[in-house]
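Structure at a glance
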Amino acid sequence: MAGKKKPAGKLVGAVGELEHGASKKFTMRRGGRDFEALLVNYQGDHFAYVNRCPHTGITLDWVNNQFFSSDNRYLMCATHGAVFEPPSGECVWGPCVGLSLQSLPIEIDDGQIYARLPGASDED
C-alpha cells in the first residue's frame, strides 16, 4: 500500500476540539516573521484567518482568544467594532465594510486540522 501524503501546513487543532462559537489562536511563520492567527468553529465548520483587522492592522480579540459576538454569530474587532462573517471573513458592518480578513487555507486529515499561510515555505 502506498504511503499517505502528508497534509500541507501546520497542525492547528482537531475536529471536535472547538464547539460552535469557539476559537483558538496559533502562530504561523513566513519569511522569518511570526503571524498570529485564529481557528474558529462556526456551525460545525472550521475557518482560519490571520488575526489582523483589515481596517487598522491590529489584532481582533477583545479579550485574549475572544473573537465572536455574544450570540456567536459574528467575528468582531474589539477596537472599532467591525463585524465579520465567519465563513468568508467579509466585513459586513463597521469601518472596513467590503474588506475581508486574510483567510488561511485549511485541510482536515484524519480528524486533524492543518492551516497554511500562503507564501510560507516548509522551512519557515
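Coordinates for the structure precede this section.
Residues numbered from 1 in each chain as written. Predicted model: local features only at pLDDT ≥ 70, side-chain atom pairs only at ≥ 80, totals over all residues. Heavy atoms only, no water.

1. Here's the deal with the sheet that holds strand S10 (residues 112-115)
- Spatially, 3 strands are ordered S1-S10-S9 in an open sheet, and the strand pairing comes out antiparallel. Edge strands, defined here as strands with exactly one partner in the open sheet, are strand S1 (10-14) and strand S9 (106-109). Going from strand to strand, the sheet's axes swing by 30° on average, the running direction of each strand aside.
- Across 4 bridges, the pairing between S1 and S10 is antiparallel. Bridge pairing in S10 places Gly13 opposite Ile113. (Pairing = 2+ DSSP bridges. Helix = DSSP H or I, 4+ residues; strand = E, 2+ residues; numbered from the N terminus. Axes fitted to C-alpha atoms, helices over the stretch in contact; angles between N-to-C directions.)

2. So, the pairing of S9
- Here S9 pairs with S10 via 4 bridges, running antiparallel. Of the residues in S10, the one forming a bridge with Ile108 is Ile113.
- Hairpin remark: S9 followed by S10, antiparallel, with 2 residues in the connecting loop; positive phi at Asp110, about 55°.

3. A look at the pairing of strand S2 (residues 23-30)
- In this sheet, strand S3 (residues 33-42) lies alongside S2 in antiparallel orientation, the contact comprising 8 bridges. Each residue of the ladder has a partner; that of Met28, found in S3, is Phe35.
- Connecting S2 to the antiparallel partner S3 that follows it, the hairpin turn spans 2 residues, and Gly31 within it adopts a positive phi of roughly 60°.

4. Considerations on a nonpolar patch on the surface
- A contiguous nonpolar surface patch, about 230 Å² in accessible area, is contributed by Val15, Ile106 and Ile108.
- With respect to the helices, strands and loops of the structure, Val15 is situated in the loop between S1 and S2. (Patch = residues over 30% accessible without salt bridge, like charges linked within 9 Å, V, L, I, M, F, W, Y side chains within 5 Å. Areas by Shrake-Rupley, 256 points an atom, 1.4 Å probe, with all protein chains shown as cover. Salt bridge = Lys/Arg side-chain N within 4 Å of Asp/Glu carboxyl O.)

5. Focus on the environment of Cys96
- Along the chain, Cys96 falls in the loop between strand S7 (91-93) and strand S8 (103-104).
- Its relative accessible area of 1% is what places Cys96 among the buried residues. (Buried < 20%, exposed > 50% of the residue type's maximum accessible area, 1.4 Å probe, protein only.)

6. A closer look at the sheet that holds S8
- The antiparallel open sheet is built from 4 strands, whose spatial order is S2-S3-S4-S8. In the strand order of this sheet, the two ends are held by S2 and S8, each with one partner.
- As paired elements, S3 and strand S4 (residues 45-50) share 6 bridges and run antiparallel to each other. In the strand pairing of S4, Tyr42 is matched with Asp45.

7. Some remarks on the side chain of Asn51
- Mapped onto the fold, Asn51 is located in the loop between S4 and strand S5 (75-76).
- The class of Asn51 is buried, set by a relative accessible area of 3%.
- Among the polar contacts made by the side chain of Asn51, one reaches the side chain of Glu36 at a distance of 2.5 Å.
- There is a polar contact of 3.2 Å between the side chain of Asn51 and the side chain of Asp61. (Polar contact = N/O pair within 3.5 Å; in protein donor to acceptor, adjacent residues only side chain to side chain.)

8. Examining the pattern of salt bridges
- Considering all chains together, one arrives at 5 salt bridges under this definition.
- Across the pair Lys24 and Glu17 runs a salt bridge, and its minimum N-O distance is 2.9 Å.
- Judged by relative accessible area, which is 24%, Lys24 ranks as partly exposed.
- Among the salt bridges present, the one from Asp34 reaches Arg29, with a minimum N-O distance of 2.5 Å.

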